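Residues per chain are reported as follows:
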Amino acid sequence: MEQYYGILRESDLFQLADDETIKHVLYCLEGHIRIYGKGEIIYQYGDMISNAGMVLEGKVKLIVPGTIGDDSSIKVAIPSDSFGCSHSCITDQPSLVTVIACKKTKILFLKMSKLFSQEAISCRFASLVTANLLRQTALANLEQNRRIHIMSRRSIRDKIWALLKYTPLKGDRCLIDMNRQEMADYLGVERSALSRELSRMKKEGFIDYRKNVFIVNKYQ
């Protein structure tokens, strides 16, 4: 497990944690690793989640199943990203997403509900992770509010502008860590319609792009 300590320290949950803290918390939260092949389901929609997951190697997608097969990918998790933390704190709540491995993936599972035991509350090691979990939950809530704001835009162009404005710029460039299908799912639009609107915005001189790197020339 020690070989992954660097990845753990990059995660929101283990920020500022030293080796002793990581070792202690992994033991207390019954940390264990499982390996999944491409396309394997890690969590199924409706499953009761007892353990949060953290990606150590590989990549997973979080998908909201559609009513007629029109599933939507809402998030991609890469090494140091975690998922299922809130559900694993309150273990009688069903998962609202299906989590699928995009390729061979190694996942660390943690029983987050143990952070609320009397022992953990008074433990200096566990208290650091609890504080990090609170911060992560607050950030996730802000991200959800951002997505609601983006989804509330009426036109595809307005949705694109809202997404670009929420994405940090480096100079005039920003990196949207989604492929076109993932971006379409995130915005709640058809991929073909998204591609057409991006092409129009490029022709009109508002933006330029190469794959998932976008250049904002001017705002509308």
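Chemist: How would you summarise the state of the cysteines if you had to cite specific residues and measurements?
Modeler: Counted under the stated rule, the structure contains 0 disulfides. You can see Cys 85 has no disulfide; the closest cysteine sulfur is in Cys 89, sitting 6.8 Å from it. Of the residues examined, Cys 85 reaches a relative accessible area of 6% and is grouped as buried.

Chemist: Outline the pairing of strand β11 (residues 213-216), listing residues and values.
Modeler: The pairing of strand β9 (residues 173-175) with β11 spans 3 bridges and is classified as antiparallel. When the sheet's bridge partners are listed, Leu 175 is paired in β11 with Val 213. As paired elements, strand β10 (residues 207-210) and β11 share 4 bridges and run antiparallel to each other. By the bridge assignment for β11, Tyr 209 is matched with Phe 214. Turn length for the β10-β11 hairpin, with the two strands adjacent in sequence and antiparallel, is 2 residues, and the turn residue Lys 211 shows positive phi of about 55 degrees.

Chemist: So, helix α5 (residues 124-151): which residues are in play, and what are the values?
Modeler: With 28 residues, α5 extends 41 Å between its outermost C-alpha atoms, agreeing within 8% with the 40 Å of an ideal straight helix rising 1.5 Å per residue. Every buried residue of α5 is accounted for by Phe 125, Ala 126, Val 129, Asn 132, Leu 133, Gln 136, Arg 147 and Ile 150.

Chemist: Summarise unusual backbone geometry; cite the residues concerned and give the values.
Modeler: Note: most residues except glycine have negative phi, and most peptide bonds are trans. Of note, the phi angle at Glu 30 is positive, near 55 degrees, even though the residue is not glycine. Along the chain, Glu 30 turns up in the loop between α2 (19-28) and β1 (32-36). Notably, Ser 80 is not glycine yet its phi reads approximately 90 degrees, a positive angle. Looking at the element boundaries, Ser 80 is found in the loop between β5 (72-77) and β6 (82-83).

Chemist: Could you give an account of the packing of helix α6 (residues 156-166) against helix α8 (residues 191-203), naming the residues involved and the relevant values?
Modeler: At their nearest, the axes of α6 and α8 sit 10 Å apart, and the two run at 75 degrees to each other. In terms of axis orientation, α6 runs roughly perpendicular to α8. Contacts between α6 and α8 involve Ile 156, Arg 157, Ile 160 and Trp 161 on the former and, on the latter, Ala 193, Leu 194, Glu 197, Leu 198, Arg 200 and Met 201.

Definitions and limits used
- Residues numbered from 1 in each chain as written.
- Predicted model: local features only at pLDDT ≥ 70, side-chain atom pairs only at ≥ 80, totals over all residues.
- Heavy atoms only, no water.
- Disulfide = S-S within 2.5 Å.
- Buried < 20%, exposed > 50% of the residue type's maximum accessible area, 1.4 Å probe, protein only.
- Pairing = 2+ DSSP bridges.
- Helix = DSSP H or I, 4+ residues; strand = E, 2+ residues; numbered from the N terminus.
- Expected span 1.5 Å × (residues − 1).
- Axes fitted to C-alpha atoms, helices over the stretch in contact; angles between N-to-C directions.
- Parallel < 35°, antiparallel > 145°, perpendicular 65-115°, else oblique.
- Contact = heavy atoms within 4.5 Å.

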